[in-house]
Amino acid sequence: MTTPDGTDGQPSQETLTRNWDELLQEIRVTQTGVQILTGFLLTVPFSSRFGELTNFQRMVYLAVLAGSVIPTGLVVAPVAFHRVLFRERRRELLVESANRFAIAGLATLAATLSGVVLLCVDVVVGRGPAWVAGGSARDLLRCQTEDALGTGVTRADAAVGIEQHNAILHGCHDRAVT
């Protein structure tokens, strides 16, 4: 397809190379965090308190563990794609696919982190505050993700949601104290 300025509408090799390099840098940061989270979660069943978890907490733990493995695969996938597609001179497909996998990995990581908050607060404080904290984490991470992508929830919407969660949390705390 030719654009009005006479170009074919395709990104230049220089642009694709820059996009690929930037994407790799972002993946490196994400991959390190996801691997640390997964490694930590893999040690949890071997701790002395694991036997004290409720069935609900064990199910949340298993969901969070699976949730940490999925983004690991998603953020590693672009490296495998690079091995397969690099010699075929398919950089545009490589950058587009890697970008999609990175976004999916970040979205999965956000859901996983919300689950981690839910589990930790449930163990330490209790179920009511855990739902509030997990929901607040979800809302905050969703807002950041959608803000970064330029869609959906605004920061003002998230602030209102966090204020509502805080009010609920204070209500739970007040009932627990009295």
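Criteria and thresholds
Residues numbered from 1 in each chain as written. Predicted model: local features only at pLDDT ≥ 70, side-chain atom pairs only at ≥ 80, totals over all residues. Heavy atoms only, no water. Axes fitted to C-alpha atoms, helices over the stretch in contact; angles between N-to-C directions. Helix = DSSP H or I, 4+ residues; strand = E, 2+ residues; numbered from the N terminus. Parallel < 35°, antiparallel > 145°, perpendicular 65-115°, else oblique. Left-handed = near helix turned anticlockwise from the far one by under 90°. 1 Å grid on protein atoms, 1.4 Å probe; cavity = no way out; pocket = protein on both sides within 12 Å on 5 of 7 lines; lining within 4 Å. Points joined across faces, edges and corners; volume = space filled by probe spheres on them. Nonpolar A, V, L, I, M, F, W, Y, C, P; charged D, E, K, R; others polar. Salt bridge = Lys/Arg side-chain N within 4 Å of Asp/Glu carboxyl O. Buried < 20%, exposed > 50% of the residue type's maximum accessible area, 1.4 Å probe, protein only. Contact = heavy atoms within 4.5 Å. Phe/Tyr/Trp six-rings, centres within 6.5 Å; stacked < 30°, edge-to-face > 60°. Polar contact = N/O pair within 3.5 Å; in protein donor to acceptor, adjacent residues only side chain to side chain. pLDDT = per-residue confidence, 0-100. Core = buried A, V, L, I, M, F, W, Y, C linked by side-chain atoms within 4.5 Å.

**Points about the packing of helix H2 (residues 55–85) against helix H3 (residues 91–124)**
Following both chains from N to C, one finds H2 and H3 inclined at 165 degrees, their axes separated by 8 Å at the closest point. As the angle between them shows, H2 and H3 are arranged roughly antiparallel. Handedness of the crossing formed by H2 with H3: left-handed.

**Side note on the layout of surface pockets**
Roughly 350 Å³ of internal volume is contained in the second largest pocket. At the level of elements, helix H1 (13–43), H2 and H3 are the ones that each hand at least two residues to the lining of the second largest pocket. For the lining of the second largest pocket, the class distribution of residues is 11 nonpolar, two polar and two charged.

**A short note on the pattern of salt bridges**
Scanning the entire structure with this criterion turns up four salt bridges. Measuring nitrogen to oxygen at the nearest pair gives 3.6 Å for the salt bridge that ties Glu 52 to Arg 49. What makes Glu 52 exposed here is its relative accessible area of 56%.

**Considerations on the packing of H1 against H2**
One way to put it is that H1 packs onto H2 with a least axis distance of 9 Å and a crossing angle of 150 degrees. Relative to H2, H1 is oriented roughly antiparallel. In the packing of H1 onto H2, the handedness of the crossing is left-handed. The residues of H2 that touch H1, namely those facing Trp 20, Ile 27, Thr 30, Gln 31, Val 34, Leu 37, Thr 38, Leu 41 and Leu 42, are Tyr 61, Val 64, Leu 65, Ser 68, Val 69, Pro 71, Thr 72, Val 75, Val 76, Pro 78 and His 82. Of the residues belonging to the contact of H1 with H2, the class tally is 14 nonpolar, six polar and no charged.

**Some remarks on the packing of aromatic side chains**
Scanning the entire structure with this criterion turns up three aromatic pairs. For the ring pair Phe 50 and Tyr 61, a centre distance of 5.4 Å and an interplane angle of 75 degrees mean the geometry is edge-to-face. With Phe 50 in the loop between H1 and H2 and Tyr 61 in helix H2, this residue pair connects regions lying 11 residues apart in the sequence.

**Quick notes on the environment of Arg 58**
By the secondary structure assignment, Arg 58 is in helix H2. What makes Arg 58 partly exposed here is its relative accessible area of 28%. Setting aside residues no more than four positions away along its own chain, Arg 58 makes contact with Phe 50, Gly 51 and Leu 53. Reaching out from Arg 58, the side chain makes a polar contact with the backbone oxygen of Gly 51 at a distance of 3.2 Å. Separated by 3.4 Å, the side chain of Arg 58 and the backbone oxygen of Leu 53 make a polar contact.

**A look at the confidence of the model for the protein**
Of the residues in the protein, 75% reach a pLDDT of 70 or more, and the chain-wide mean stands at 79. Taking the mean pLDDT of every element in the protein, the minimum, 49, falls on helix H5 (residues 155–177) and the maximum, 89, on H2. Within the model, the stretch residues 1–6 combines pLDDT values under 50 with six contacts to residues more than four positions away or in other chains. Low pLDDT, under 50, characterises residues 172–178; the stretch is placed with two contacts to residues that sit more than four places away or in other chains.

**Some words on the side chain of Asp 139**
Within the secondary structure, Asp 139 is located in helix H4 (residues 127–149). By relative accessible area, Asp 139 is classed as buried at 15%.

**Re the nonpolar core**
Of all hydrophobic cores here, the largest spans 15 residues; its most connected members are Leu 37, Leu 41, Phe 50, Val 60, Tyr 61 and Val 64. Those elements giving two or more residues to this core turn out to be H1, H2 and H3. Ignoring anything within four residues of it in the chain, the contact list for Leu 37 reads Ser 68, Leu 109, Thr 112, Leu 113 and Val 116. By size, the runner-up hydrophobic cluster in this structure holds 11 residues, among which are Leu 24, Ile 27, Leu 85 and Ala 98.

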